[in-house]
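So the chains spell out like this:
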Amino acid sequence: VATAFGTGGGTVKLWADTFGGDLYNTLTKYSGSLLLQKKYKDVESSLKIEEVDGLELVRKFSEDMENMLRRKVEAVQNLVEAAEEADLNHEFNESLVFDYYNSVLINERDEKGNFVELGAEFLLESNAHFSNLPVNTSISSVQLPTNVYNKDPDILNGVYMSEALNAVFVENFQRDPTLTWQYFGSATGFFRIYPGIKWTPDENGVITFDCRNRGWYIQAATSPKDIVILVDVSGSMKGLRMTIAKHTITTILDTLGENDFVNIIAYNDYVHYIEPCFKGILVQADRDNREHFKLLVEELMVKGVGVVDQALREAFQILKQFQEAKQGSLCNQAVMLISDGAVEDYEPVFEKYNWPDCKVRVFTYLIGREVSFADRMKWIACNNKGYYTQISTLADTQENVMEYLHVLSRPMVINHDHDIIWTEAYMDSKLLSSQAQSLMLLTTVAMPVFSKKNETRSHGILLGVVGSDVALRELMKLAPRYKLGVHGYAFLNTNNGYILSHPDLRPLYREGKKLKPKPNYNSVDLSEVEWEDQAESLRTAMINRETGTLSMDVKVPMDKGKRVLFLTNDYFFTDISDTPFSLGVVLSRGHGEYILLGNTSVEEGLHDLLHPDLALASDWIYCITDIDPDHRKLSQLEAVIRFLTREDADLECECCHLCDCFVTPPHQGEEDLLWGEAEQVVDMAFLGTRAGLLRSSLFVGSEKVSDRKFLTPEDEASVFTLDSFPLWYRQASEHPAGSFVFNLRWAEGPESTGEPTVVTASTAVAVTVDKKTAIAAAVGVQMKLEFLQRKFWAATRQVGQVGNSPCFPGCRPSDLDCFVIDNNGFILISKRSHEVSRGKVWGSLRTHHSLRLIFRVTMYDYQAMCKPSSHHHSAAQPLVSPISAFLTATRWLLQELVLFLLEWSVWGSWYDRGAEAHKQKKQDQLQPCDTEYPVFVYQPAIREANGIIECGPCQKVFVVQQIPNSNLLLLVTDPTCDCSIFPPVLQEATEVKYILQSSGMCARMRSQKLRRRPDSCHAFHPEVKVEAGRGWAGSSPPSPVCLGLCPADRSMPMNTPVPVLFGGDICVYAL
């Protein structure tokens, strides 16, 4: 064999050249690449190539986005003015009777066929602008959570007053048709939404959505805050009290956002941080940290005696140190004390750390029905500008926790500061059950609504919050991809460095057949996506609102991480005025920074546009169609045609890039001539341009196309999308023009075998003018894998029959092993069909490092999801001993007993049923993690090589030869030596394990990344005075309002489904 290789090395090259030449002739013939290149050459004198000015581009995009967002702010301001004016003119009526459109009850009928109370007929029509949901654009509807009584006097008066918003909703939408949902969230709990919709309860018949829990409401109602939660874990807190305390902590955590900072300290005989890594600091209350805290809270155990003074001292010291070091929120500071009331020796702590200025508010939560310690807890709150409340059942938790927000909002309300807030990116799946809406990333602009009545001004009454959603996809359409080039993109990040929008942001993961949001989808940091920015220079500049540019060499993953591109990117960035957002634009060096311009006539452009097999990128904006109602039903293609034919003078289009890229696919005229021959060769040919134009021509009947999903919206990787160019276009652009890039594809569907059956081959069409080169288009074909294999085996037989030694072995089964692999090591052709499968790389060649033919690139994924580790998530968890195992088992039995008892209450029937099953399911769910994975890349400079691979007791001889005009390699090896010790390599990701030490995970968790604080802070107001009223710390104690009704109270029907009924006769004084 060695002799054969020695004399026949030229034969392997002949095989490669013959196969490559045959492929090239076939592909250029059916793709029309040479004819298209010639067409550009013929009109070269009329073409010009311009360099893209990245800074000018990012400024223009920023201005457009600023204008769009300003219109949303104006709409919200109109709602604020209308709501405050309506409240000023409204007098509270305790006996008000008023019917309104209840979102849950509308269109509902009783057994007699009559509309139920609050459920009158409500016209609903499907509307494409609102994700095809059935809505009513002439009026709003009102939603209430199950635990809020829909005929409570406060609710009826608030709903009646807010009826004035209906006209403003409609006017706003008519003025700016790009508006989506507008709404008013009331402090009393109702939620008025426009357009009106039908709200569907969950499977238990419960409406859990409470607008007051939403991030936009909390951010608008309060300023940023530093919170230290102190929880009593002494022996007296055992059983139901500890269950309620844990739920209280979780509820407090849910009221925090990324502009807040938090820590949790448990205390009994001694003080300990529930996360030892966070000892002595506050951490940002982003989703990752909140969820981490929730897991740790579930593990709390009770024992010993509660000594509160040590815990209070620790909390005040943390807050003081952060304030002095200019860390944290630098705004509100508060301590949340959760206990059953057995507290003592606390007054000296307040004297030392908080009096007389009371810069830290203290909120106290008395857990359980016992009231003997109530006076102590009230005294602590009322003497530290806080608020006291008692929580005796799980049902009490939500309403009582929310009260602290009203206290913190009072300075802002008294001063009438209408701060405009913008939220982080989020998916409001709780708002609407529609699949389209729930998987759409949004940001919300919101403003608080205050009472302007003179008699209540000093009380600082917050009426609620108004807001409007902005779909981030619509915002990013203002940075069209045809201006950015094949690898270019735009992205947005927040003042905290979190991604708002980025083509590499992957907010969803698949669980079974369902797509679900990742737990940390909206706290992905810019440094986790642009991870090549090791010094975080880009992140720092953007957070600081700078305008500028920098360059980076980057590794860009493609094809779901199976391949990688090596690019040099130029980053251009600036801020978006009057928002916490910054905008970045990326252009790749080389052809990515040039754009081709020409003089295509309107007649030529229309000739192509009117062709039936042509499509434009559906998410790219060429014409403005969402302002004029007459234009909203037009597709972008229809709008461009009407603009070019001058049918509609009111249409605004930017067609200069589009028209200059219109070309007639050269294979059009050859279709009939080649049909019969092509049936056994090529399924289809396709063409795409930088402008987002896509054409395809079938050479077989549509029913015979091997991969019918290709070039359809179902296969996003093969078409132009809002986030990227097609994969075949991106790959072709990074190979020499005229060189074809091959890709295996797997036909999907019920009849699919799961094996690769289709190959695509694409090449770039480049134009050079004045020594500047731009990619004008990419063309390609789809063919059956079987054809490619036949072509190869025929080439090896053909060469063996022409003037070669009869002794030289061929690629027959008994002779040599022959493989065709691509530049990433994936096998396309092999004698053994099972080796041509998804994700397999030829193993033995990769392992022979000294060859340096294929090198390994390590890639990282900071948005991965992994199975949870078996070890405990806390850094301080000791090894399990028999005693601790027994205590854990005993504790589990007690928890099961508590949950069982809770199920006998009505609250438990819909709140805690299946709690343990849910906990087990949660433990089995995937969790966010960091992973690394290998990608293999062939050295393109090496055109041929040969050598020997040591395979245990024998040696394997091999020859590698590049196949001309392609990204393919021919690999020929000796079959007699068994190299099965080198199995096929799978590109499997492995989790990055961080060691829990100062340089590992603990340090990573403690790290405080650079962030920009919100511009405003409202911590105190001179008119807010300390009053020692019951459960009250404000300018004057209000009249007592009983939130929990006694069973004998007949002011509500006894069957009212509100959880407050289950709190017995405990009365909580509201603000």
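Source: prediction; values computed, not measured. (Residues numbered from 1 in each chain as written. Predicted model: local features only at pLDDT ≥ 70, side-chain atom pairs only at ≥ 80, totals over all residues. Heavy atoms only, no water.)

A.B. asks: Got a sec to walk through the overall build of the chain? Specific residues and values, please.
C.D. replies: What the chain contains, in helices and strands, is 27 helices and 43 strands. Across the 1071 residues that make up the chain, the buried fraction comes to 56%. Sequence-distant contacts in the chain: of pairs separated by 6 or more residues, those separated by 24 or more amount to 72%. Total accessible area computed for the chain in this model is approximately 46,000 Å², and 52% of it derives from carbon and sulfur atoms. (Helix = DSSP H or I, 4+ residues; strand = E, 2+ residues; numbered from the N terminus. Buried < 20%, exposed > 50% of the residue type's maximum accessible area, 1.4 Å probe, protein only. Contact = heavy atoms within 4.5 Å. Areas by Shrake-Rupley, 256 points an atom, 1.4 Å probe, with all protein chains shown as cover.)

A.B. asks: How would you sum up the packing of helix α7 (residues 240-254) against helix α12 (residues 394-415)? Please name residues and give values.
C.D. replies: Contact geometry of α7 with α12 gives a least axis separation of 9 Å together with a crossing angle of 30 degrees. It follows that α7 is roughly parallel to α12 by the angle criterion. Relative to α12, the crossing made by α7 is right-handed. Counting all contacts with α7, which are made through T243, I244, H247, T248, T251 and I252, the residues of α12 involved are L394, T397, Q398 and V401. Split into classes, the residues belonging to the contact of α7 with α12 amount to four nonpolar, six polar and no charged. (Axes fitted to C-alpha atoms, helices over the stretch in contact; angles between N-to-C directions. Parallel < 35°, antiparallel > 145°, perpendicular 65-115°, else oblique. Left-handed = near helix turned anticlockwise from the far one by under 90°. Nonpolar A, V, L, I, M, F, W, Y, C, P; charged D, E, K, R; others polar.)

A.B. asks: Tell me about the sheet that holds strand β30 (residues 693-698), residues and numbers included.
C.D. replies: Strand order in the open sheet formed by six strands is β26-β30-β29-β33-β32-β31, and the pairing between neighbours is antiparallel. Of all the strands in the sheet, the pair left with one neighbour each is β26 (614-616) and β31 (741-745). Within the sheet, the average angular offset between the axes of one strand and its neighbour, ignoring direction, is 20 degrees. Pairing of strand β29 (residues 684-689) with strand β33 (residues 772-784) involves six bridges; the strand directions are antiparallel. (Pairing = 2+ DSSP bridges.)

A.B. asks: Account for the nonpolar core, naming residues and giving values.
C.D. replies: Grouped together as the largest cluster of nonpolar side chains are 109 residues, with contacts concentrated most on Y100, W216, L538 and Y571. It is helix α3 (residues 54-88) that contributes the most residues to this core, 13 residues altogether. Counting contributing residues, this core receives three or more from each of domain 2 (58-217 + 421-427 + 440-471) and domain 4 (479-592). Formed by 73 residues, the second largest nonpolar core is a distinct cluster that contains I252, V283, I318 and F363. (Core = buried A, V, L, I, M, F, W, Y, C linked by side-chain atoms within 4.5 Å. Domains from an automatic or database assignment.)

A.B. asks: Could you give an account of the packing of aromatic side chains, naming the residues involved and the relevant values?
C.D. replies: As enumerated under the stated definition, the model contains 42 aromatic pairs in all. With 6.3 Å between their ring centres and 65 degrees between their planes, F173 and Y194 make a pair best called edge-to-face. You can see F173 sitting in helix α5 (residues 165-175) and its partner Y194 sitting in strand β6 (residues 191-194), a full 21 residues away along the chain. In this pair, the class of F173 matches that of Y194, namely buried. Consider the rings of W199 and F209, whose centres lie 5.3 Å apart with planes at 45 degrees: the pair is tilted. Taken together, the residues W199 in the loop between β7 (196-197) and α6 (215-221) and F209 in the loop between β7 and α6 connect sequence positions 10 residues apart. The same class applies to W199 as to F209, namely buried. The rings of Y482, W620, Y622, F686, F710, F720, F725, W728 and Y729 are connected pair by pair, giving a single aromatic cluster. (Phe/Tyr/Trp six-rings, centres within 6.5 Å; stacked < 30°, edge-to-face > 60°.)

A.B. asks: Outline helix α2 (residues 33-42), supporting the account with residue identities and numerical values.
C.D. replies: Residues S33, L36 and Y40 constitute the buried set of α2. Angular distribution of buried residues about the axis of α2 spans 65 degrees; they occupy a single face of the element. Set apart from the buried face of α2 by more than 90 degrees, the exposed residues are K41 and D42. (Arc of directions from axis to C-beta.)

A.B. asks: Talk me through the state of the cysteines; I want residue IDs and the actual numbers.
C.D. replies: Scanning the entire structure with this criterion turns up three disulfides. Paired through a disulfide, C331 and C1017 show a sulfur-sulfur distance of 2.0 Å. Around the S-S axis, the bridge from C331 to C1017 shows a dihedral of about 100 degrees and counts as right-handed. Taken together, the positions of C331 in the loop between α9 (308-324) and β12 (332-339) and C1017 in the segment after α27 (1001-1006) put the pair 686 residues apart, joining distant regions of the chain. Overall, C331 belongs to the buried group, its relative accessible area being 9%. According to the relative accessible area criterion, C1017 is partly exposed, its value standing at 38%. Linked covalently through their sulfurs, C623 and C653 form a disulfide whose S-S length is 1.9 Å. Torsion about the S-S bond of the C623 and C653 cystine: about 110 degrees, corresponding to right-handed handedness. (Disulfide = S-S within 2.5 Å.)

A.B. asks: Can you tell me about unusual backbone geometry, naming the residues and giving the values?
C.D. replies: Each neighbour pair has its own omega, and for Y194 with P195 the value is -5 degrees, a cis peptide bond. Tracing the backbone through its elements, the reader meets P195 in the loop between β6 and β7. One non-glycine residue, N107, lies in the positive phi region at around 65 degrees. Within the fold, N107 resides in the loop between α3 and β2 (125-127). For E536, which is not glycine, the phi torsion reads 55 degrees and is therefore positive.

A.B. asks: I'd like a rundown of the environment of V449, residues and numbers included.
C.D. replies: With respect to the helices, strands and loops of the structure, V449 is situated in strand β16 (residues 442-450). V449 sits in the buried class, given a relative accessible area of 0%. Sequence separation of V449 and L463 is 14 residues, and the distance between their C-alpha atoms is 5.4 Å. If we skip the residues at most four places from it in the chain, V449 touches V80, A83, E84, F184, L462, L463, G464, V465 and V466.

A.B. asks: Break down the sheet that holds strand β38 (residues 927-938) for me, with residues and values.
C.D. replies: Strand order in the open sheet formed by three strands is β37-β38-β43, and the pairing between neighbours is antiparallel. A strand with exactly one partner marks an edge of an open sheet, and here the two such strands are β37 (854-866) and β43 (990-991). Relative to β38, β37 runs antiparallel, the two sharing 11 bridges. For Y860, the partnering residue across the bridge sits in β38 and is E932.

A.B. asks: Residues and numbers for the packing of α3 against α5, please.
C.D. replies: Interaxial distance between α3 and α5 falls to 10 Å at its minimum, and their mutual angle equals 165 degrees. With respect to α5, the axis of α3 lies roughly antiparallel. When the axes of α3 and α5 are compared, the crossing they make is right-handed. Across the interface between the two elements, A75, N78, L79, A82 and A83 from α3 touch L165, V168, F169, N172 and R175 from α5. Of the residues contributing to the contact of α3 with α5, the split by class is seven nonpolar, two polar and one charged.

A.B. asks: Which residues make up the side chain of R192, and what values do they have?
C.D. replies: Locating R192 in the fold gives a position in strand β6. When neighbours within four sequence positions are excluded, R192 is seen to be in contact with S140, S141, V142, V159, S162, E163, N166, F169, Q182, Y183 and F184.

A.B. asks: Talk me through the pairing of strand β8 (residues 225-232); I want residue IDs and the actual numbers.
C.D. replies: Most of β8 sits inside the fold, with eight of its eight residues counted as buried. Residues of β8 alternate between two faces, with K225, I227, I229 and V231 on one and D226, V228, L230 and D232 on the opposite face, all of them buried. Across seven bridges, the pairing between β8 and β12 is parallel. Bridge pairing in β12 links V228 to V335. Bridge count for β8 against strand β9 (residues 261-267) is seven bridges, and the pairing is parallel. Within the sheet, the bridge partner assigned to D226 lies in β9 and is F261. Between the parallel pair β8 and β9, the chain is carried across by α7, and the sense of this crossover is right-handed. (Right-handed = clockwise from strand over helix to strand, strands pointing away.)

A.B. asks: Any details on the pairing of strand β32 (residues 758-769)? Residues and values, ideally.
C.D. replies: Across the 12 residues that make up β32, a large majority, 11, are buried. Bridge count for β31 against β32 is five bridges, and the pairing is antiparallel. Each residue of the ladder has a partner; that of R745, found in β32, is V758. Bridge count between β32 and β33: 12 bridges; the pairing is antiparallel. Bridged to A766 within β33 is I775. Connecting β32 to the next strand, β33, in antiparallel fashion are two residues, including D770 with a positive phi near 55 degrees.

A.B. asks: Let's hear about α5: which residues, and what values?
C.D. replies: Considered for burial, the residues of α5 that qualify are L165, N166, V168, F169, V170, N172 and F173. Its buried side turned inward, α5 meets α3, α4 (153-162), β5 (182-186) and β6.

A.B. asks: Describe the side chain of D822, and please don't skip the residues or the numbers.
C.D. replies: Inspection of the secondary structure puts D822 in strand β34 (residues 817-822). Within the local environment of D822, its side chain forms a polar contact with the backbone nitrogen of N824, the two atoms lying 2.8 Å apart. (Polar contact = N/O pair within 3.5 Å; in protein donor to acceptor, adjacent residues only side chain to side chain.)

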